[in-house]
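Structural overview for review
So you can see what is in the structure, the chains are spelled out below.
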Amino acid sequence: MLSGKVMLITGASRGIGKAAALLAAANHAHVIINYNKSEDRATELVNQIREMGFYASMVKADVSSEEDVKAMFSYIKEKHSGLDVLVNNAGIMKNSLLSLSNTEMFYQIIGVNLKGTFLCTRYASNIMRKQRSGKIINLSSVSGLNGDAGQTVYSASKAAVIGFTKSAARELGMYGITVNAVAPGLIETDLIKDIKNEVREKILSNIALGRIGIPEDIAKVILFLSSDLADYVSGEVIVVDGCQKIM
Ligand code: NAP
């Protein structure tokens, strides 16, 4: 489905990004794995993809740092003739009641989830505009649509990603670039490992499909949005939550 396409996935060392990388590589994309702290896991993933007979490379960058993002895109321009797909997946979540939240935490979450998306999209769109083609996929969250107690900052960052997606889709459409968001519900990754069992059970009881999501559930939607099948889809937010009732 992605034969010959070059695809950058931010935060692909673990979780949803890793699953998206494996599926895209198996569909013949050359996947560029961005990581920040998990170098061993990124190396392991690149080796795994290469052993399967597909293409992958890796690049370290903290997406909240403009210097790092600039260097990452210089590396991409040097190694590849273009960039076909950008997946802004890197994200952090810190739960905290509003009264206990501080400014440092605010800037950390906004820095990775929103500034990271903004920076990578800006640099990627410079390449894609010249090609007059490209697909950008941003990871939002159902929390950005519905909100959740203890998640004011995280929800705000993910709601902002939706506004960003819709505006970028309008602005970049004339260059043949699509921009969409995926809003996952609860997905079994490191991100949710600290969620208490009773909260998990409560969420589970509200999911029509009767299970918590797995990274591959999101990877499949990312694959669709990255492919020609989604050529006329832009400015959309696709919720992937197993049909969860708002609690
Ligand atoms: P995860 O398992 O915790 O993985 C997070 C990834 O982001 C890691 O690869 C990490 O890389 C990377 N990352 C974090 N900070 C970074 C930075 N400053 N620069 C570059 N990479 C950075 O999380 P996940 O569950 O796969 O989440 C992926 C995305 O889906 C996030 O945007 C998240 O908000 C969203 N999401 C997840 C869920 C869920 O239930 N899991 C639900 C809704 C939305 P290193 O380890 O290399 O630092």
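Shown above is the structure to which this text applies.
A brief report on the enclosed structure follows. (Residues numbered from 1 in each chain as written. Predicted model: local features only at pLDDT ≥ 70, side-chain atom pairs only at ≥ 80, totals over all residues. Heavy atoms only, no water.)

This next bit is on the environment of glycine 134. For glycine 134, the location among the structural elements is in strand β5 (residues 134-139). Classification of glycine 134 as buried rests on a relative accessible area of 7%. Separated by 52 residues in sequence, glycine 134 and glycine 82 place their C-alpha atoms 9.6 Å apart. When residues no more than four places from it in sequence are discounted, the contact partners of glycine 134 are Asp84, Met128, Gly176, Ile177 and Thr178. (Helix = DSSP H or I, 4+ residues; strand = E, 2+ residues; numbered from the N terminus. Buried < 20%, exposed > 50% of the residue type's maximum accessible area, 1.4 Å probe, protein only. Contact = heavy atoms within 4.5 Å.)

A pair can form between side chains of opposite charge whenever their charged atoms are brought close. Enumeration over the complete set of coordinates arrives at 6 salt bridges. In this structure, arginine 122 engages glutamate 66 in a salt bridge whose closest nitrogen and oxygen atoms are separated by 2.5 Å. Here arginine 122 is found in helix α4 (residues 103-131), whereas its partner glutamate 66 is found in helix α3 (residues 66-79), with 56 residues between them in sequence. Glutamate 66 sits in the partly exposed class, given a relative accessible area of 34%. Among the salt bridges present, the one from aspartate 231 reaches lysine 135, with a minimum N-O distance of 2.7 Å. Taken as a pair, aspartate 231 in the loop between α8 (215-226) and β7 (237-240) and lysine 135 in strand β5 lie far apart in primary sequence, 96 residues in all. Within this structure, Arg14, Arg41 and Asp190 form a network of salt bridges that share partners. (Salt bridge = Lys/Arg side-chain N within 4 Å of Asp/Glu carboxyl O.)

Another point: α4. When the terminal C-alpha atoms of α4 are compared, their 40 Å separation across 29 residues agrees well with the 42 Å that a helix rising 1.5 Å per residue should span. At glycine 111, α4 shows its strongest bend, of approximately 45°. In the stretch just after α4, arginine 132 is the one whose phi turns positive, near 60°. (Expected span 1.5 Å × (residues − 1). Bend = angle between axes of the 7 residues up to and from the residue.)

Taken as a whole, this structure holds 2 aromatic pairs when the rule is applied. Ring geometry for phenylalanine 73 versus tyrosine 123: centroids 5.8 Å apart, planes at 20°, classification stacked. With phenylalanine 73 in helix α3 and tyrosine 123 in helix α4, this pair connects stretches of sequence that are 50 residues apart. Each member of the pair, phenylalanine 73 together with tyrosine 123, is buried. (Phe/Tyr/Trp six-rings, centres within 6.5 Å; stacked < 30°, edge-to-face > 60°.)

In the vicinity of the ligand lie 32 residues, with Ile16, Ser38, Asp62, Tyr154 and Thr189 positioned nearest. One of the backbone N or O atoms of isoleucine 16 is found 2.8 Å from an oxygen atom in the ligand. Calculation on the ligand without its partners gives an accessible area of 900 Å², and the protein chains cover 95% of this total. Among the secondary structure elements, those contributing two or more residues to the shell around the ligand are α1 (15-26), β2 (30-35) and α6 (152-172). Class assignment of the residues belonging to the shell around the ligand gives a composition of 15 nonpolar, 12 polar and 5 charged. (Near = heavy atom within 4 Å. Polar contact = N/O pair within 3.5 Å; in protein donor to acceptor, adjacent residues only side chain to side chain. Areas by Shrake-Rupley, 256 points an atom, 1.4 Å probe, with all protein chains shown as cover. Nonpolar A, V, L, I, M, F, W, Y, C, P; charged D, E, K, R; others polar.)

With 14 residues, α3 should reach 20 Å at 1.5 Å per residue; the first-to-last C-alpha distance of 20 Å fits that figure. Within the span of α3, buried status applies to Val69, Met72, Phe73 and Ile76. Taken end-on, α3 shows its buried residues confined to a sector of 90°, consistent with a single buried face. Exposed and oriented more than 90 degrees from the buried face of α3 are Glu67 and Glu78. Looking at the packing, one finds that the buried side of α3 touches β1 (6-9), β2, β3 (55-60) and α4. (Arc of directions from axis to C-beta.)

What follows is about the environment of glycine 144. Relative to the helices and strands, glycine 144 is located in helix α5 (residues 142-146). Sequence-wise, glycine 144 and alanine 156 are 12 residues apart; in three dimensions their C-alpha atoms are separated by 6.2 Å. If near-sequence neighbours (up to four positions away) are discounted, glycine 144 is found in contact with Ser155, Lys158, Ala159 and Ile162.

What follows is about the packing of α1 against α8. For the pair α1 and α8, interaxial distance at closest approach is 8 Å and the crossing angle is 50°. It follows from the interaxial angle that α1 and α8 lie oblique. The two elements α1 and α8 cross, and the hand of that crossing is right-handed. Listed contacts from α8 to Gly15, Ile16, Ala19, Ala20, Leu23 and Ala24 of α1 are Pro215, Glu216, Ile218, Ala219, Lys220, Ile222 and Leu223. A class-by-class count of the residues in the contact of α1 with α8 yields 10 nonpolar, 1 polar and 2 charged. (Axes fitted to C-alpha atoms, helices over the stretch in contact; angles between N-to-C directions. Parallel < 35°, antiparallel > 145°, perpendicular 65-115°, else oblique. Left-handed = near helix turned anticlockwise from the far one by under 90°.)

The values reported here are purely geometric and, on their own, carry no functional implication.
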